[in-house]
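Spelled out from the first residue to the last, the chains are:
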Amino acid sequence: MEQAPEPTADQGDGAAKNAASAIAQLPIRAYLDQTVVPPLLQALSALVKERPPNPVEWLATYLLQNNDKQPGAEQ
């Protein structure tokens, strides 16, 4: 009985490319709902708690610093 070959790094990259391709094919609303809305809502919630003097700069910094906390975030 033969065992299936273990996935290589190339096959793993292919899965990531397929996922990225699938996201790119989504309608605009679905794309935003899956990729932008979750981290933006989290950032806006933190913004209203913090109430910084420069909210736009604070929001930009927050999004950049917390992007890696989102599932599927690419670096």
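Some thoughts on the overall build of the protein
Inference 1: Broken down by element type, the protein carries 4 helices and 0 strands.
Inference 2: In the protein, the order of α-helices and β-strands from amino to carboxyl end is α-α-α-α.
Inference 3: Per-residue burial over the protein gives 11% buried out of 75 residues.
Inference 4: Looking at the protein as shown, the accessible area adds up to about 6,600 Å², and 57% of this sits on carbon and sulfur atoms.

Some details on the packing of aromatic side chains
The way to describe two aromatic rings as a pair is by their centre distance and the angle between their planes.
Inference 1: For the structure shown, the criterion picks out 1 aromatic pair.
Inference 2: Here the aromatic rings of W58 and Y62 are separated by 5.3 Å at their centres, their planes lie at 20°, and the arrangement is stacked. One end of the pair is W58 and the other is Y62, both in helix α4 (residues 55–66) and 4 residues apart, which spans about a single turn.
Inference 3: Judged by relative accessible area, which is 18%, Y62 ranks as buried.

Concerning the environment of W58
Inference 1: Residue W58 is classed as partly exposed on the basis of its relative accessible area, which comes to 22%.
Inference 2: Excluding residues within four positions of it along the chain, W58 makes contact with A43, A46, L47, E50 and P52.

Some points on the packing of helix α3 (residues 37–50) against α4
What describes two packed helices is the angle between their axes and the distance between those same axes.
Inference 1: Between α3 and α4, the shortest axis-to-axis distance is 10 Å and the interhelical angle comes to 135°. Overall, the two elements α3 and α4 adopt an arrangement that is oblique. Crossing of α3 over α4 shows right-handed handedness. Here P39, L40, Q42, A43, L44, A46, L47 and E50 of α3 come into contact with α4, specifically with P55, W58, L59, Y62 and L63.

Section: the confidence of the model for the protein
Inference 1: Looking at the protein, the pLDDT average stands at 83 and 75% of residues meet or exceed 70.
Inference 2: The secondary structure element of the protein with the lowest average pLDDT is helix α1 (residues 9–24), at 76, and the one with the highest is α3, at 97.

Re a nonpolar patch on the surface
Inference 1: Taken together, the side chains of I23, I28, Y31, L32, V36, V37, L40, L41 and L44 present a nonpolar region at the surface, about 710 Å² in accessible area.
Inference 2: The set of elements that each furnish at least two residues to the nonpolar patch consists of α2 (28–35) and α3.
Inference 3: Tallying contributions element by element places α3 first for the nonpolar patch, with 4 residues.
Inference 4: Inspection of the secondary structure puts I28 in helix α2.

About the thresholds
- Residues numbered from 1 in each chain as written.
- Predicted model: local features only at pLDDT ≥ 70, side-chain atom pairs only at ≥ 80, totals over all residues.
- Heavy atoms only, no water.
- Helix = DSSP H or I, 4+ residues; strand = E, 2+ residues; numbered from the N terminus.
- Buried < 20%, exposed > 50% of the residue type's maximum accessible area, 1.4 Å probe, protein only.
- Areas by Shrake-Rupley, 256 points an atom, 1.4 Å probe, with all protein chains shown as cover.
- Phe/Tyr/Trp six-rings, centres within 6.5 Å; stacked < 30°, edge-to-face > 60°.
- Contact = heavy atoms within 4.5 Å.
- Axes fitted to C-alpha atoms, helices over the stretch in contact; angles between N-to-C directions.
- Parallel < 35°, antiparallel > 145°, perpendicular 65-115°, else oblique.
- Left-handed = near helix turned anticlockwise from the far one by under 90°.
- pLDDT = per-residue confidence, 0-100.
- Patch = residues over 30% accessible without salt bridge, like charges linked within 9 Å, V, L, I, M, F, W, Y side chains within 5 Å.
- Salt bridge = Lys/Arg side-chain N within 4 Å of Asp/Glu carboxyl O.

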